[in-house]
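# Structural overview
Chain by chain, the residues run as shown.
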Amino acid sequence: MGEFELIRRFFQRPAGAGVDVGVGDDCAVLAPTRGSRWLVSSDMLVEGRHFLSTVDPQRLGHKALAVNLSDLAACGATPRGFTLALALPRYDEAWLAGFSRGLLALAEQSECPLVGGDTTQGPLNLCVTVFGEAPNGQALLRSGARLGDEIWVSGWLGDARLALEMFRGRVTLGGTDFDAVRLALECPTPRLELGRALRGVATAAIDISDGLLGDLGHVLRASRVGARVRLDDLPRSPVLAQQTQLLQRECLLAGGDDYELVFTVPPGTDVAALAGATPVTRIGVIESEPGLRVVDAAGEPVAHGLRSFDHFMP
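Reference entry: report on the structure contained in this document. (Residues numbered from 1 in each chain as written. Predicted model: local features only at pLDDT ≥ 70, side-chain atom pairs only at ≥ 80, totals over all residues. Heavy atoms only, no water.)

Helix and strand counts for the protein chain come out as 10 helices and 12 strands. Taking 20 Å as the expected radius of gyration for a compact globule of 314 residues, we find that the protein chain reaches 20 Å, a close match to that expectation. If you line up the protein chain on its principal axes, its C-alpha atoms span 65 × 50 × 35 Å. Here the protein chain holds 314 residues, and the buried ones make up 49% of them. (Helix = DSSP H or I, 4+ residues; strand = E, 2+ residues; numbered from the N terminus. Rg over C-alpha atoms; globule rule 2.2 N^0.38 Å. Buried < 20%, exposed > 50% of the residue type's maximum accessible area, 1.4 Å probe, protein only.)

Glancing now at the pattern of salt bridges. What the rule picks out here adds up to 15 salt bridges. A salt bridge links D257 to K63, with the nearest nitrogen and oxygen atoms 3.4 Å apart. Residue D257 is located in the loop between α9 (245-254) and β10 (261-265), and its partner K63 is located in helix α2 (residues 57-74); the two are separated by 194 residues in the primary sequence. For the pair formed by D257 and K63, the shared burial category is buried. For E260, the salt bridge goes to R191, with nearest N and O atoms at 2.8 Å. (Salt bridge = Lys/Arg side-chain N within 4 Å of Asp/Glu carboxyl O.)

The subject of this paragraph is the sheet that holds strand β9 (residues 226-230). In space, the six strands of this open sheet follow the order β8-β10-β7-β11-β9-β12, with mixed pairing throughout. Strand pairing shows two members of the sheet lacking a second neighbour, β8 (204-207) and β12 (291-295), which therefore form its edges. In this sheet, adjacent strand axes meet at a mean angle of 25° when their direction is disregarded. Lying on the sheet, helix α7 (residues 212-223) is in contact with β7 (150-154), β8, β9, β10, β11 (280-287) and β12; it crosses β8 at an angle near 150°. (Pairing = 2+ DSSP bridges. Axes fitted to C-alpha atoms, helices over the stretch in contact; angles between N-to-C directions. Contact = heavy atoms within 4.5 Å.)

With that out of the way, let us pick up the pairing of β11. Judged by how many residues are buried, β11 sits mostly within the fold: six of eight residues are covered. Relative to β11, β7 runs antiparallel, the two sharing five bridges. Within β11, the position partnered with W152 by the bridge is R282. Here β9 runs beside β11; their pairing, made up of four bridges, is antiparallel. From the neighbouring strand, A227 faces β11, where its bridge partner is I286.

So, on to α2. Here α2 contains 18 residues, and its C-alpha end-to-end distance of 26 Å stays within 8% of the 26 Å for a straight helix at 1.5 Å per residue. By the N-cap criterion, in which a side-chain oxygen at the helix start approaches the backbone nitrogen of a residue two or three places on, α2 is capped by D56, the distance to Q58 being 2.7 Å. Backbone geometry just downstream of α2 places G76 in the positive-phi region, at approximately 70°. (Expected span 1.5 Å × (residues − 1). Polar contact = N/O pair within 3.5 Å; in protein donor to acceptor, adjacent residues only side chain to side chain.)

Taken in spatial order, the four strands of this open sheet run β3-β6-β4-β5, and their pairing is mixed. The open sheet has two free edges, formed respectively by β3 (36-46) and β5 (114-121), since each of these has just one partner strand. Direction aside, neighbouring strands of the sheet carry axes that sit 15° apart on average. The pairing of β3 with strand β6 (residues 125-135) spans 11 bridges and is antiparallel. Within β6, the position partnered with S36 by the bridge is P135. Helix α3 (residues 93-109) rests against β4 (78-88), β5 and β6 of the sheet, and its axis sits at about 165° to β4.

Here we come to the nonpolar core. Formed by 49 residues in total, the largest nonpolar core has its most connected members in F11, F82, L126 and F263. Counting residues per element, this core draws most heavily on α2, which supplies eight residues. For L126, the residues in contact, after removing those within four places along its chain, are D43, M44, L45, F51, L60, A64, A85, L86, W95 and F99. Counting 37 residues, the second-largest nonpolar core is a separate cluster that includes A145, A163, V171 and L220. (Core = buried A, V, L, I, M, F, W, Y, C linked by side-chain atoms within 4.5 Å.)

Below, the discussion takes up the environment of V128. As for its position among the elements, V128 is in strand β6. Its relative accessible area of 1% is what places V128 among the buried residues. C-alpha of V128 to C-alpha of F82: the two residues are 46 residues apart in sequence and 6.7 Å apart in space. With near-sequence residues (within four places) excluded, V128 lies in contact with S41, S42, D43, A64, L65, N68, F82, T83 and L84.

In this structure the tally under the stated criterion is two aromatic pairs. Here the aromatic rings of W95 and F99 are separated by 4.9 Å at their centres, their planes lie at 10°, and the arrangement is stacked. In this pair, W95 and F99 are both assigned in helix α3, four residues apart and thus about one turn of the helix distant. Side by side, W95 and F99 carry an identical accessibility label, which is buried. Summarising the aromatic geometry, the rings of F167 and F178 are spaced 5.5 Å apart at their centres and angled 75° between planes, so their arrangement reads as edge-to-face. You can see F167 sitting in helix α4 (residues 159-167) and its partner F178 sitting in helix α5 (residues 175-186), a full 11 residues away along the chain. A relative accessible area of 15% means that F178 is categorised as buried. (Phe/Tyr/Trp six-rings, centres within 6.5 Å; stacked < 30°, edge-to-face > 60°.)

Spelled out as structure tokens, the structure:
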């Protein structure tokens, strides 16, 4: 099968609202909403670096888009469309059918149509670029956290890292427990509704892709503030709560692949009401002293020696 027939068969769909021209032309033509600003983000997934060769292609299709939608969620954006650059080692009909099914199911659910991209032959590599929009001046950024703000996080942290440690052979989990944490790793949920609900309320936000320590650290540096986070308050699943304290700490603070939102709000904000059905937890407070301090229930510093994932650090 040729490249263009592959695109037509597995990826071309009718254009959605706001898309004047989608897949099939030299460029997509998108129509922005009056009074809004575009928000654009790209993420690449490389086999052997970001995912295992044994991953279900339907789940991989979901995750390829989900990690990008999570960036839009962190900025409070409404998705408008995305492009896919796909390198494939060979034509594999079953793999493409599963991958496109997972990708386009999340695209339909999120009202974020595929509007273009590229395909080529080579080592398996996926690059998605998402386009979203937010009302002028209302996009959430990393740079607005203020002294005294509360720090909140959505969902649970650490399950994706726990699944990775299972694959590495470091821990052993039962069937249902492993299925639960593997789902967290392979099918993250982008918190789009929460991100939009936080517009005009949150002072700063970021999604947790590389680990809480590093990603919250980006907010602190951009906002020129520090923070204190309570280790015992970090939300964790019943599966993670059964593990050793050392492993829990690693997964919670430096696990990565959570794709939850960590955000700051003025003290007293009714975050639970804003979040609706999305679980949220208050984990700390913004302080004036630079740096991120992790403390125990008594407020004493927790020595951990951990850092978040970095592609170019050993």
